[in-house]
Amino acid sequence: ADWVLHGGCVVASGKVSPRIVLDVPTFALEEVLGIQWTGRQDMQGQMLHRGASLPIQAPVCHVALTAAEAVQPLLRTAHEHRREPMAAPAVSRNRLGDGSGWYVAFDLFAAYHRCQYPALREVLADILAEESTRLPLHTTAPPSVDLLLRVGDQGWVLHAVNLDPGKSLAQN
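Below, the structure is looked at part by part.

The rules behind these values
- Residues numbered from 1 in each chain as written.
- Predicted model: local features only at pLDDT ≥ 70, side-chain atom pairs only at ≥ 80, totals over all residues.
- Heavy atoms only, no water.
- Helix = DSSP H or I, 4+ residues; strand = E, 2+ residues; numbered from the N terminus.
- Buried < 20%, exposed > 50% of the residue type's maximum accessible area, 1.4 Å probe, protein only.
- Contact = heavy atoms within 4.5 Å.
- Areas by Shrake-Rupley, 256 points an atom, 1.4 Å probe, with all protein chains shown as cover.
- Pairing = 2+ DSSP bridges.
- Axes fitted to C-alpha atoms, helices over the stretch in contact; angles between N-to-C directions.
- Core = buried A, V, L, I, M, F, W, Y, C linked by side-chain atoms within 4.5 Å.

**Overview of the overall build of the protein**
Here is step 1 of the chain: Each helix and strand counted, the protein has four helices and twelve strands in total.
Here is step 2 of the chain: A burial count over the protein gives 33% of its 172 residues as buried.
Here is step 3 of the chain: A fraction of 52% describes how many contacts in the protein between residues 6 or more apart in sequence connect residues 24 or more apart.
Here is step 4 of the chain: For the protein, the exposed surface amounts to about 10,700 Å²; the carbon and sulfur share of it is 54%.

**What to know about the sheet that holds strand β9 (residues 85–96)**
Here is step 1 of the chain: Pairing within the open sheet is mixed, and its six strands lie in the order β1-β10-β9-β8-β5-β6. Single-partner strands in this sheet number two, and they are β1 (9–13) and β6 (52–56). Mean inter-strand twist for the sheet, computed between neighbouring axes without regard to direction, equals 30°.
Here is step 2 of the chain: Pairing of strand β8 (residues 69–75) with β9 involves five bridges; the strand directions are antiparallel.

**Remarks on the nonpolar core**
Here is step 1 of the chain: Formed by 33 residues in total, the largest nonpolar core has its most connected members in L33, M47, I56, L74, V91, Y103 and F106.
Here is step 2 of the chain: The element contributing the most residues to this core is β9, with five residues.
Here is step 3 of the chain: Residues within four places of L33 in sequence aside, it is in contact with V10, A12, V16, A68, N94, G101, W102 and Y103.

**Concerning the side chain of R93**
Here is step 1 of the chain: Relative to the helices and strands, R93 resides in strand β9.
Here is step 2 of the chain: Sequence-distant contacts of R93, that is, excluding residues within four places in its chain, are made with A68, E69, V71, S100, G101, W102 and E130.

**Things to note about the environment of W3**
Here is step 1 of the chain: Here W3 lies in helix α1 (residues 2–5).
Here is step 2 of the chain: Sequence separation of W3 and D98 is 95 residues, and the distance between their C-alpha atoms is 9.4 Å.
Here is step 3 of the chain: The residues touching W3, leaving out its near neighbours within four places in the chain, are G8, C9 and V10.

Next up, the structure:
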């Protein structure tokens, strides 16, 4: 929680390392994410994404918001004229100190790995785009470039390392 309080960002999805305490299912990161697991899970679901219904072909966890806000809702049906949001969110954000904890109600990373459906990648891209507005540095470097910032008493040093040496960075 300290890392998020001091400006960090956590994006978690699915069951988020559930732990069982006295037979009450809980998530290990509930404080950071601002949610509480209800114990309910559906085998699949629907969420509202960029104005359209997005089918989720993965188990969907229902959570209650304790401190977080719903960013995108789960939907009861995919029918485009009867989009009724459920009480449980598909995506939620908890602002904690200077940082934030994001929760996606299904295992986004495993679901994308299995089917590589572009809209699943967009869910994460939307979260990262929202978070990038608070960052002090913006770059057009490709994903193959790692940035490492060292902060010292005499100033900052930013290291940019191209992990794909075959790719020219001249256009950036």
